[in-house]
Amino acid sequence: EKRCGFQIKSDSHPPAELIQQVRKQLITMADEDEQMDVVAEVEEEVVAEEPPAELNSIDALRIVLRKALVFQGLRRGLHECVKALDRGSAKLCILSQDCDNAEYKKLIQALCAESKVDLIMADHGTEIGEWVGLAKLNADGQVRKAVRCSVAVVTDFGEDSHALDVVLNYVKSQNGK
């Protein structure tokens, strides 16, 4: 047979000595790999991170919002947040105090009260935008430009963490007043 300019013999098999040489090379390579020191790598991975001693409520809220974003449990903007609040899937709502439209704020506050969702008031919409991932970062990880976001709703917290406990305790203390 002749394909692609090469002649292939259908009866031809590689010689037995070529097969033996390849097997010896593979065995030698496997023996060399077994001599590698793997224990040092495992010890580095086992080191556990300790949670910070004290988190303030703002830092804890940032961590909770980032985690919710990773677990796709974060809704941003009026349309998405109203849908989540109407469905009853919202667990926590963050609203900006510097929102321009008073009707916007009244709607979100009324929906939170109706569905008994905890509401946290943030100072600025750009802060919420940073927290929910609507910001451009420079090479150092500092915020270069943040998009304003007036409302965000958490539908899934993701994993339980120390930061989540701090946020839930903050919400309970605000509701108790």
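Residues numbered from 1 in each chain as written. Predicted model: local features only at pLDDT ≥ 70, side-chain atom pairs only at ≥ 80, totals over all residues. Heavy atoms only, no water.

1. A look at the packing of helix α4 (residues 78-87) against helix α5 (residues 102-115)
Okay, so step 1: The interhelical angle for the contact between α4 and α5, taken along N-to-C directions, is 20 degrees, at an axis separation of 9 Å. Judged by the angle between their axes, α4 and α5 are roughly parallel. Our pair here, α4 against α5, has a crossing hand that is left-handed. When α4 is examined against α5, the residues L78, V82, L85 and D86 are found in contact with a partner set consisting of Y104, L107, I108, L111, C112 and S115.
Okay, so step 2: Its residues assigned to classes, the contact of α4 with α5 shows 8 nonpolar, 1 polar and 1 charged. (Axes fitted to C-alpha atoms, helices over the stretch in contact; angles between N-to-C directions. Helix = DSSP H or I, 4+ residues; strand = E, 2+ residues; numbered from the N terminus. Parallel < 35°, antiparallel > 145°, perpendicular 65-115°, else oblique. Left-handed = near helix turned anticlockwise from the far one by under 90°. Contact = heavy atoms within 4.5 Å. Nonpolar A, V, L, I, M, F, W, Y, C, P; charged D, E, K, R; others polar.)

2. Topic: the confidence of the model for the protein
Okay, so step 1: The share of residues in the protein with pLDDT of 70 or more is 71%, and the mean pLDDT across the chain is 77.
Okay, so step 2: Ranking the elements of the protein by mean pLDDT puts helix α2 (residues 39-46) last with 39 and strand β8 (residues 151-154) first with 93.
Okay, so step 3: Scored below 50 in pLDDT, residues 2-8 makes 3 contacts in the model with residues more than four places away or belonging to other chains.
Okay, so step 4: Here residues 35-50 is modelled with pLDDT under 50, and outside its nearest four sequence neighbours on either side it reaches 0 contacts, counting other chains as well. (pLDDT = per-residue confidence, 0-100.)

3. Things to note about the sheet that holds β8
Okay, so step 1: Pairing in this open sheet of 4 strands is mixed, and the strands run β3-β8-β4-β5 from one edge to the other. Of all strands in the sheet, those bounded by a partner on one side alone are β3 (74-76) and β5 (118-122). Each adjacent strand pair in this sheet contributes to an overall mean axis angle of 20 degrees, direction not counted.
Okay, so step 2: Two elements, β3 and β8, share 3 bridges in a ladder whose sense is antiparallel. Paired with R75 across the bridge in β8 is V153.
Okay, so step 3: Packing of helix α3 (residues 57-70) onto the sheet brings it into contact with β3, β4 (92-96), β5 and β8, and relative to β3 it is tilted by some 100 degrees. (Pairing = 2+ DSSP bridges.)

4. A short note on the pairing of strand β7 (residues 143-146)
Okay, so step 1: In this structure, strand β6 (residues 135-137) lies alongside β7, joined through 3 bridges in antiparallel fashion. In the sheet register, L137 faces β7, and the bridge partner there is V143.
Okay, so step 2: Counted along the chain from β6 to the antiparallel partner β7, the turn is 5 residues long, and its residue G141 has a positive phi close to 90 degrees.

5. With respect to unusual backbone geometry
Okay, so step 1: Notably, Q72 is not glycine yet its phi reads approximately 55 degrees, a positive angle.
Okay, so step 2: Even without a glycine there, the phi angle at K116 is positive, about 55 degrees.
Okay, so step 3: The exposure class assigned to K116 is exposed, which follows from its relative accessible area of 76%. (Buried < 20%, exposed > 50% of the residue type's maximum accessible area, 1.4 Å probe, protein only.)

6. Considering the pattern of salt bridges
Okay, so step 1: If you walk through the whole model with that rule in mind, you get 3 salt bridges.
Okay, so step 2: Measuring nitrogen to oxygen at the nearest pair gives 3.3 Å for the salt bridge that ties D59 to R62. With a gap of 3 residues between them, D59 and R62 both fall in helix α3, about one helical turn apart.
Okay, so step 3: Between E159 and K67 there is a salt bridge whose closest N-O contact spans 3.8 Å. Highlighted residues: E159 in the loop between β8 and α7 (162-176) and K67 in helix α3, separated in sequence by 92 residues.
Okay, so step 4: With relative accessibility at 46%, the residue E159 sits in the partly exposed group.
Okay, so step 5: What makes K67 partly exposed here is its relative accessible area of 23%. (Salt bridge = Lys/Arg side-chain N within 4 Å of Asp/Glu carboxyl O.)

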